[in-house]
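Inside the fold
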Amino acid sequence: MPVEFSIVNGSAILTINNPPLNLINAEVRAGIERGISRAHDSGASRLIITGAGTTFVAGADANEFGKPPHDPQLNDVLLKLAQLSIPTIAAINGVALGGGLEIALACRFRIAAPAARLGLPEVILGMVPGAGGTQRLPRLIGIESALDMIVSGQAVSATRAINLGMIQQLAEDPLEAALALDAADLAKARAPDNLPAPLPDDAALAAAHTRAKRRMAGQDAPLIAVDLVKASASMQFAEALQNERSTFLTLRTSDQARALRHVFFSERAAANKARIFPCSSKKIETAVVVGGGNMGAAIAYTLASAGISVTVVERDTASAEWASNNLHELVNQGVKRGVLQDEAAQAIVSRLATAVGYANLPQATLAIEAAFENFDVKCAILNELEAVLPHDAVLATNTSYLDVNRLAEGLKNPDRFVGLHFFSPAHIMKLLEIVRGNQTSDNTLGIAFDLASRLNKVPVLSGVCDGFIGNRILSSYRQAAIRLLVEGASVEQIDTAMRDFGMAMGPFSAQDMSGLDIAYANIQRRSANKGLDEDHVPLVEQMVEEHNRLGRKSGAGWYDYDAEGRSSASSTVAAEISQISEDLTIPLQTFRSEEIVDRLVLTMLTEACDILEEGIAEQPRDIDLVMIHGYGFPRWRGGLMHYAQNVGEARVRALYDACAEKTTFSWKTPRNLDLVFASA
């Protein structure tokens, strides 16, 4: 049974035992309801609810969210719990999230293990707490603190919870403490339902509203959660609970909730992908990173943060000192941001070293080259590494575009070579594209996936092509944006349209951030290798060659930048766009924001279809994860492929036809569009 009932010295104990995470489903809810009745009928002096193993309750079973509600509902069960005539205690032995915390909140007394974490993360899945969380929590800790937890969806430690007043006691063994709790102390405790309503806090509500609009732009649930918490101060408790429940039921079937559940399950599948590859018993303890620039230093810092000792290799003493400064600056930034405490920072520093050349490197089990995108340079580095490292060391390239199979050609053991494409900044971005070459062994992939797990990255397996999954789609997206410029849209209009759609940045602001020199070098490389497509518009070349506009780093790119880094429209860029439009005899048009979004999203979708057909990506969900975690595609839209599935095949095909009618450039509906909808 997923809920076990027992009597110990006159105390009734309900143990939720639904491994591995004690998730709440219909059977668990029914078990709790039966247990409440049995506790009452047995004449027990108190009812204690706890979890089996090291978890209290990690939340609701998300598999139920896409289905019709199944009785008994948790809110009804918890109302019975809160109204039970005998004292109730939550013995929180581990994580208590979502419905798990709501169970605890419905009790009169709460005891938590020091290692427990407590939170209401529903907004992260596009919903709000639906079983009293938005009403009981403010009565315990006040509106401001409740907003901090509910609107962010972030969990707090047990120590923080007791300081807030969410729990009354800490104990290494919460169940034992609950059994020993003095009856007189317990008699004084009241369920939040019987506590006064929280005091209104207009300032906290306004701040939470502003914060939600900025940090979770485009998402409905955080703003609705603010309103529900606000109601806890003014609405009758029973009415507020009904309002919360109806809101929860509405949101959980919304497009945003479906999209966020899709991402949740896709991330879980990505983490589980490692199970299909052999898991090496030899863990990576020592690594080498070649190149101590921004990317290399960030990779080394990420490895060291995960407990791996790292040596960063540079070509000379001056470069090694520069790399060392980069590494220490990353540690200092972590301390300043409050991400690192002094002890953790010192531990990371102790794992970081620099070296000149390859003569005296440690016997590392992993080496990552992070040099600039030059094929010959990378090949030379990989050959040097193979010559000095152990025969079973994994060699990896952090290339963003280059052919992993060609890079492997000069290696004696190409089976232990793999692409590990980190995204900048590598210590912050969650995505890791694991690029499988033709000769990469399953054992090497197993090590790569294990590394991703240790680094807390979202791993996506990619085949070999120019730009792999993400940069290949990004390239087509940027080219389409440039074509829109010469057809009549403006830089600002395109960026605004895509931000309003939910992208973290517009294509031109993002390129100014990364640098037009990088885009220029990639254009030159593609031109030399296989030529540019017939619709290529040479705006980037003009910007770099004629005006040295490299983006923010040069104070001018698609935008002009002042000394404080504020952007403004550029007359130089506008003139170049106008001239190229005239040279190419392209008639100018006007574009609505939705037309811009359709053009750019459909362009990405076309490229994604080819990527699927070629087997570069295995599943549509892999592309979704790449676009969300690598390129700022709105999570609440579920990623590129889920978004198209949500729009629907008939509508998507109609949008392709509409774009074909308006564009001056070549345009087609992809022949393999069915790949997008096959898994919908």
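All of these numbers come straight from a predicted model, not from anything done at the bench. (Residues numbered from 1 in each chain as written. Predicted model: local features only at pLDDT ≥ 70, side-chain atom pairs only at ≥ 80, totals over all residues. Heavy atoms only, no water.)

**Regarding the pattern of salt bridges**
- Under the criterion given, the structure shown has 27 salt bridges.
- For Glu373, the salt bridge identified is with Lys378, shortest N-O distance 3.5 Å.
- Residue classification places Glu373 among the partly exposed residues on the basis of a relative accessible area of 35%.
- If you follow the salt bridges from partner to partner, you end up with Arg592, Glu594, Glu595 and Lys662 in one network. (Salt bridge = Lys/Arg side-chain N within 4 Å of Asp/Glu carboxyl O. Buried < 20%, exposed > 50% of the residue type's maximum accessible area, 1.4 Å probe, protein only.)

**Observations concerning the pairing of strand β12 (residues 309-314)**
- The element β12 is largely enclosed, with a buried count of 5 among its 6 residues.
- Where strand β11 (residues 286-290) and β12 come together, 5 bridges link them in parallel fashion. By the bridge assignment for β12, Thr286 is matched with Ser309.
- Handedness of the β-α-β unit built from β11, helix α13 (residues 294-305) and β12 comes out right-handed.
- As paired elements, β12 and strand β13 (residues 352-356) share 5 bridges and run parallel to each other. Opposite Val312, over in β13, you have Thr354 as the bridge partner. (Helix = DSSP H or I, 4+ residues; strand = E, 2+ residues; numbered from the N terminus. Pairing = 2+ DSSP bridges. Right-handed = clockwise from strand over helix to strand, strands pointing away.)

**Remarks on the side chain of Thr88**
- Relative to the assigned elements, Thr88 resides in strand β5 (residues 88-92).
- For Thr88, the side chain forms a polar contact with the main-chain nitrogen of Arg108, separated by 3.0 Å.
- Not counting residues within four places of it along the chain, the set of residues in contact with Thr88 comprises Leu47, Leu81, Ala106, Cys107, Arg108 and Phe109. (Polar contact = N/O pair within 3.5 Å; in protein donor to acceptor, adjacent residues only side chain to side chain. Contact = heavy atoms within 4.5 Å.)

**Let's talk about the environment of Thr590**
- Here Thr590 lies in the loop between α24 (571-583) and α25 (593-613).
- Residues Thr590 and Ala489, spaced 101 residues apart in sequence, show a C-alpha to C-alpha distance of 6.6 Å.
- Not counting residues within four places of it along the chain, the set of residues in contact with Thr590 comprises Glu595 and Lys662.

**Description of the sheet that holds strand β10 (residues 169-170)**
- Spatially, 6 strands are ordered β1-β2-β3-β5-β7-β10 in an open sheet, and the strand pairing comes out mixed. Single-partner strands in this sheet number two, and they are β1 (3-8) and β10.
- In the sheet, strand β3 (residues 46-51) pairs with β5 via 4 bridges, with the strands oriented parallel. Looking at β5, one finds that Leu47 is bridged to Thr88.

**Comments concerning the layout of surface pockets**
- Approximately 910 Å³ is the volume found for the second largest pocket.
- Contributing to the lining of the second largest pocket are 41 residues, with Ala58, Gly59, Ala60, Phe65 and Leu125 lying nearest its centre.
- Elements that contribute at least two residues to the lining of the second largest pocket include exactly α1 (26-42), β6 (95-97), α3 (99-105), α11 (237-251) and α12 (255-272).
- Here the lining of the second largest pocket gets 5 residues from one element, more than from any other, and that element is α12. (1 Å grid on protein atoms, 1.4 Å probe; cavity = no way out; pocket = protein on both sides within 12 Å on 5 of 7 lines; lining within 4 Å. Points joined across faces, edges and corners; volume = space filled by probe spheres on them.)

**Examining the packing of α25 against helix α28 (residues 649-662)**
- Running from amino to carboxyl end, α25 crosses α28 at an angle of 110 degrees, the nearest separation of the two axes being 10 Å. Comparing their axes, α28 and α25 come out roughly perpendicular. As for the relative orientation of α25 and α28, their crossing is left-handed in sense. Contacts between α25 and α28 involve Glu595, Asp598, Arg599, Leu602, Leu605 and Thr606 from the first element and Val652, Leu655, Tyr656, Cys659 and Lys662 from the second.
- Taken together, the residues of the contact of α25 with α28 break down into 6 nonpolar, 1 polar and 4 charged. (Axes fitted to C-alpha atoms, helices over the stretch in contact; angles between N-to-C directions. Parallel < 35°, antiparallel > 145°, perpendicular 65-115°, else oblique. Left-handed = near helix turned anticlockwise from the far one by under 90°. Nonpolar A, V, L, I, M, F, W, Y, C, P; charged D, E, K, R; others polar.)

**Remarks on the sheet that holds β6**
- Read from one edge to the other, the open sheet built from 4 strands follows the order β4-β6-β8-β9, with strand pairing classed as mixed. Here the strands that pair on one side only, and so sit at the sheet edges, are β4 (55-57) and β9 (156-157).

**Details of the nonpolar core**
- In terms of nonpolar packing, the biggest core is built from 75 residues, with Trp558, Leu605, Ile623 and Leu640 touching the most fellow members.
- When residues in this core are grouped by element, the largest group, 11 residues, is from α25.
- Not counting residues up to four positions away in its chain, the partners in contact with Ile623 are Ile469, Ile473, Ala608, Ile611, Leu612, Ala617, Leu640 and Met641.
- Counting 71 residues, the second-largest nonpolar core is a separate cluster that includes Val57, Leu120, Ile141 and Ala191. (Core = buried A, V, L, I, M, F, W, Y, C linked by side-chain atoms within 4.5 Å.)

**Description of empty space enclosed by the protein**
- One pass over the structure, following the stated rule, counts 4 cavities of 30 Å³ or more.
- Residue lining of the largest cavity: Asp598, Val601, Leu602, Leu605, Tyr643, Ala644, Val647, Val652 and Leu655, and that is the complete set.
- Going through the elements one at a time, α25, α27 (640-647) and α28 are the ones with two or more residues in the lining of the largest cavity.
- The leading source of residues in the lining of the largest cavity is α25, at 4 residues.
- Looking at the lining of the largest cavity, its residues break down into 8 nonpolar, no polar and 1 charged.
- Together, Cys279, Ser280, Lys282, Lys283, Ile284, Gly446, Ile447 and Asp450 line the second largest cavity.
- Considering only residue class, the lining of the second largest cavity consists of 3 nonpolar, 2 polar and 3 charged.

**Focus: helix α19 (residues 470-487)**
- An ideal rise of 1.5 Å per residue puts 26 Å on 18 residues; α19 measures up with 26 Å between its terminal C-alpha atoms.
- Across the 18 residues of α19, 18 count as buried, placing the element largely inside the fold.
- Gly488 sits one or two positions beyond α19 and adopts a positive phi of about 130 degrees. (Expected span 1.5 Å × (residues − 1).)

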